[in-house]
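Examining the three-dimensional arrangement
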Amino acid sequence: MNITTLNGILPILILTGVGLLVLLVEAFIERDRERRFAFILSLAGIIATLVSLFSQLVHHDADLLLFGGALIVDHTGLAFSIIICLGALLVLILSHRHVTRIHRNAGEFYSLILFATLGMHALTISNDMMTFFVSLEVMSVAVYILAGVNRKSLKSNESALKYLILGAFSTAFLLLGIAFVYGATGQMGFMEIKEALLSEANAPFQSVGILGLILIMVGFIFKIGAFPFQQWVPDVYEGAPSIVTAFMATCVKTAAFAILLRGLFTFFQADESGFLMSALTVITVLTMIFGNFMALIQSNIKRLIAYSGIAHTGYILLAILAALSDPAKPDITPILFYLLVYTLMTVGAFAVLIGASRGGEEVETFEDIRGLGYKHKLLGLFMAFFFFSLAGIPSTAGFMGKFFIFKAAISKELYALAVIGILTAVVSVYYYLKIVVYLYLKEENRRYEKYSIQWNYLLASFLTFLLVLFLGIFPQFGFKLLK
Amino acid sequence: MFTLQNSIILGLILFSIGAYGVLTRRNLLVVLMSLEIMFNAVNLIVLAFNYFRFYQQGKELGHYFVLLVIAVAAAEAAVGLAILVTIYRNRRNVDSDELTEMKG
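Residues numbered from 1 in each chain as written. Chains lettered and ligands numbered in written order. Predicted model: local features only at pLDDT ≥ 70, side-chain atom pairs only at ≥ 80, totals over all residues. Heavy atoms only, no water.

Quick look at the overall build of chain A
From N to C terminus, chain A includes 21 helices and two strands. Its C-alpha radius of gyration of 22 Å places chain A within 12% of the 23 Å reference for a compact globule of 483 residues. Along the three orthogonal principal directions, the C-alpha set of chain A runs to about 80 × 55 × 40 Å. Counting the 483 residues in chain A, one finds 64% classified as buried. The contacts of chain A with a sequence gap of at least 6 include a subset with a gap of at least 24, amounting to 80%. Summing over all exposed atoms, chain A offers an accessible surface of approximately 17,200 Å²; the carbon and sulfur share of this is 67%. Side-chain charges in chain A split into 32 positive and 29 negative, and the spacing between the mean points of these groups amounts to 12 Å. (Helix = DSSP H or I, 4+ residues; strand = E, 2+ residues; numbered from the N terminus. Rg over C-alpha atoms; globule rule 2.2 N^0.38 Å. Buried < 20%, exposed > 50% of the residue type's maximum accessible area, 1.4 Å probe, protein only. Contact = heavy atoms within 4.5 Å. Areas by Shrake-Rupley, 256 points an atom, 1.4 Å probe, with all protein chains shown as cover. Lys, Arg positive; Asp, Glu negative; His and termini not counted. Charge placed at Lys NZ, Arg CZ, Asp CG, Glu CD.)

Written out as structure tokens, the structure is:
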């Protein structure tokens, strides 16, 4: 193993090492000190990973193939990984102290977050069906446990079990797809599979291969929570502890999009019938419409964010369609920018929601946030800003993200899709503003007791607030970073 | 009798039995077992493809893949059973009809 290889897998090594160390710390240090020590250790681990990813991105000049092509360290993968690690960092900051309210052993929680991040990073740089499958499962199994981390709560139990059963069900279809693709080509590497599918010698097995690709697509669509396979999203998001929901809504989704993008760019040319593309178009339209209209009728904020997350998935799919329509020179920066902004806004919104929860009770309904803007001015301001941004009000990063996506769609002449996207985005303004209205709704004859919140919620929401504001006014910096 | 086609048909039948079990059974333990049947059906298909199409050429990728799938399926089953145990502790049954904490 030479130094280039070692540098390429450095983030994976750091995350594995720190994750195991955090788990061990729990066994050897007494409880009170362990909490803080495990927190600092995992924070240091994530920051070290971020630094090594950044240095790889800065020094990146050519795509690096590792282990005989099983991993590919390229620009896209690194950019996705940076977004994921940023999300994980914010979630970690948020979970300090909060985690002991939902789970006795903080170290377990931190190490699961680290292992899930490890799986996500490996997923974004995987270039082979085997690494892809294993890293997908490293991520998924860690997140299944995280969803059920609050063992006493029936909701959390139910959420974890639903996620596990439906996740494993979709994984089985994905595996069947991989089996068919393997049967058709005899290869596991993405590039080799593509060549084999396109070669004449393989013609009799072509249709088996395409069937396999379609089955793999079904698995992907489940993981990103797009239209026909989205039923699990609201239940799992609602039942899981808020902190885990924030992690799932941002990092897991980003990782799933990273691998979906790599798979689509590699394989969609192998599908000569164009079935994948037309199916993806239909899915995009239905996802945008379904997500936004279902979010309208929700009364639980976590469910609302889940449905609006489905809608955001639709917008990102729209950006992917726009990028795919020009395969020679695909422009994926709108996708990356949107995912970055979406991650920041969503974690920010959850930071406020978690910060606003009193005495172990999670903020769930609109009534719970009534008058929050008066109880804690700064928190209310942040929350209003994040929901403005999610709705896409100008001068926020959410607006710029949507703007670049629709611009890309229009420049690729996907007019109908862009119009549907813009109209559904208008619908979304209603339910996001409804939350803002509740924030500043007064109850009669009631004084608002001011309350203080812990530094880490303020820090996380302040950081995301600054970044969302900054990217909204100077989006070119985000573009430069991701390009 | 022992041909590529027959092995794959057997695999697909097993896969369908598993999928039917996941979708219809009420006992969550049986649902987890059905998931295992689905994974193993896929293993059978991969092994059949490997044996009939590629083994003569000296390729063994499918074998390695099956090993990975077995390992992952074991991990998933372990986590699934652990979650099942917590559910049993909290409500004293493992019936999927009773899991209705969330609606809407």
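Focus on unusual backbone geometry
Residues and elements named next belong to chain A. Of note in the backbone geometry, Ser395 takes a positive phi value of approximately 80 degrees without being a glycine. Among the structural elements, Ser395 can be located in the loop between helix 17 (377-391) and helix 18 (397-411). Note on Ser395: relative accessible area 46%, which makes it partly exposed. Even without being a glycine, Glu413 presents a positive backbone phi close to 65 degrees. Position of Glu413 among the secondary structure elements: in the loop between helix 18 and helix 19 (415-439).

A short note on the packing of aromatic side chains
Under the criterion given, the structure shown has 33 aromatic pairs over all chains. With 4.8 Å between their ring centres and 70 degrees between their planes, A:Phe385 and A:Phe465 make a pair best called edge-to-face. One end of the pair, A:Phe385, is in helix 17; the other, A:Phe465, is in helix 20 (residues 455-473), with 80 residues separating them in the sequence. Grouping residues by exposure puts A:Phe385 and A:Phe465 together as buried. Here the aromatic residues A:Phe382, A:Phe385, A:Phe386, A:Phe462 and A:Phe465 are joined through ring pairs into a cluster of three or more. Above the face of the A:Phe205 ring, B:Arg53 is positioned so that its terminal group lies 3.5 Å from the ring centre. (Phe/Tyr/Trp six-rings, centres within 6.5 Å; stacked < 30°, edge-to-face > 60°. Lys NZ or Arg CZ within 6 Å of the ring centre and 35° of its normal.)

Quick look at the interface of chain B and chain A
Contact residues are listed per partner, giving 41 residues for chain B and 46 residues for chain A. Each partner contributes to the roughly 3,800 Å² buried at the junction of chain B and chain A, and carbon and sulfur atoms together form 79% of this total. Summed over the shared surface of chain B and chain A, the result is zero salt bridges. Inspection of the region where chain B meets chain A yields six residue pairs in polar contact (both at pLDDT 80 or more). Going through the elements one at a time, helix 1 (4-24), helix 2 (28-54) and helix 3 (61-91) of chain B are the ones with two or more residues in the side of chain B that touches chain A. Of the residues belonging to the side of chain B that touches chain A, the class tally is 28 nonpolar, seven polar and six charged. (Buried area = accessible area lost by both parts, 1.4 Å probe. Salt bridge = Lys/Arg side-chain N within 4 Å of Asp/Glu carboxyl O. Polar contact = N/O pair within 3.5 Å; in protein donor to acceptor, adjacent residues only side chain to side chain. Nonpolar A, V, L, I, M, F, W, Y, C, P; charged D, E, K, R; others polar.)

Some details on the nonpolar core
Most often, soluble globular proteins keep nonpolar side chains buried together rather than apart. A:Phe132 and A:Phe247 are the most contacted members of the largest nonpolar core, which totals 219 residues. Excluding residues that lie within four positions of it along the chain, A:Phe247 makes contacts with A:Ala88, A:Val91, A:Ile113, A:Ala116, A:Thr117, A:Met120, A:Val143, A:Leu146 and A:Val252. (Core = buried A, V, L, I, M, F, W, Y, C linked by side-chain atoms within 4.5 Å.)

Notes on empty space enclosed by the protein
Residues and elements named next belong to chain A. As enumerated under the stated definition, the model contains three cavities of 30 Å³ or more in all. The volume enclosed by the largest cavity comes to roughly 130 Å³. Lining the largest cavity are 13 residues; nearest its centre among them are Leu213, Ile216, Phe220, Gly263 and Phe267. At the level of secondary structure, the elements contributing two or more residues to the lining of the largest cavity comprise helix 7 (129-147), helix 10 (206-224) and helix 12 (242-267). Looking at the lining of the largest cavity element by element, the count peaks at five residues for helix 12. Here the residues of the lining of the largest cavity sort into 12 nonpolar, one polar and no charged. There is about 80 Å³ of room inside the second largest cavity. Residue lining of the second largest cavity: 14 residues in total, with Lys223, Ile224, Trp232, Tyr237 and Lys253 positioned closest to the centre. Mapped by element, the contributors of at least two residues to the lining of the second largest cavity are helix 10, helix 11 (232-239), helix 12 and helix 14 (301-324). (1 Å grid on protein atoms, 1.4 Å probe; cavity = no way out; pocket = protein on both sides within 12 Å on 5 of 7 lines; lining within 4 Å. Points joined across faces, edges and corners; volume = space filled by probe spheres on them.)

Side note on the packing of helix 4 (residues 75-95) of chain A against helix 20 of chain A
Residue and element names in this part refer to chain A. Packing of helix 4 against helix 20 leaves a shortest axis separation of 7 Å and a crossing angle of 155 degrees. The angle between helix 4 and helix 20 places the two elements in the roughly antiparallel class. Considering only the axes of helix 4 and helix 20, their crossing is left-handed. Counted together, Leu90, Ile93 and Leu94 of helix 4 and Asn456, Tyr457, Leu459, Ala460, Leu463 and Thr464 of helix 20 form the full contact between these two elements. (Axes fitted to C-alpha atoms, helices over the stretch in contact; angles between N-to-C directions. Parallel < 35°, antiparallel > 145°, perpendicular 65-115°, else oblique. Left-handed = near helix turned anticlockwise from the far one by under 90°.)

Structural notes on helix 2 of chain B
Across its 27 residues, helix 2 of chain B extends 38 Å between first and last C-alpha, which sits within 8% of the 39 Å expected from 1.5 Å per residue. The opening residue of helix 2 of chain B is B:Asn27, an N-cap whose side-chain oxygen sits 2.9 Å from the backbone nitrogen of B:Leu29. (Expected span 1.5 Å × (residues − 1).)

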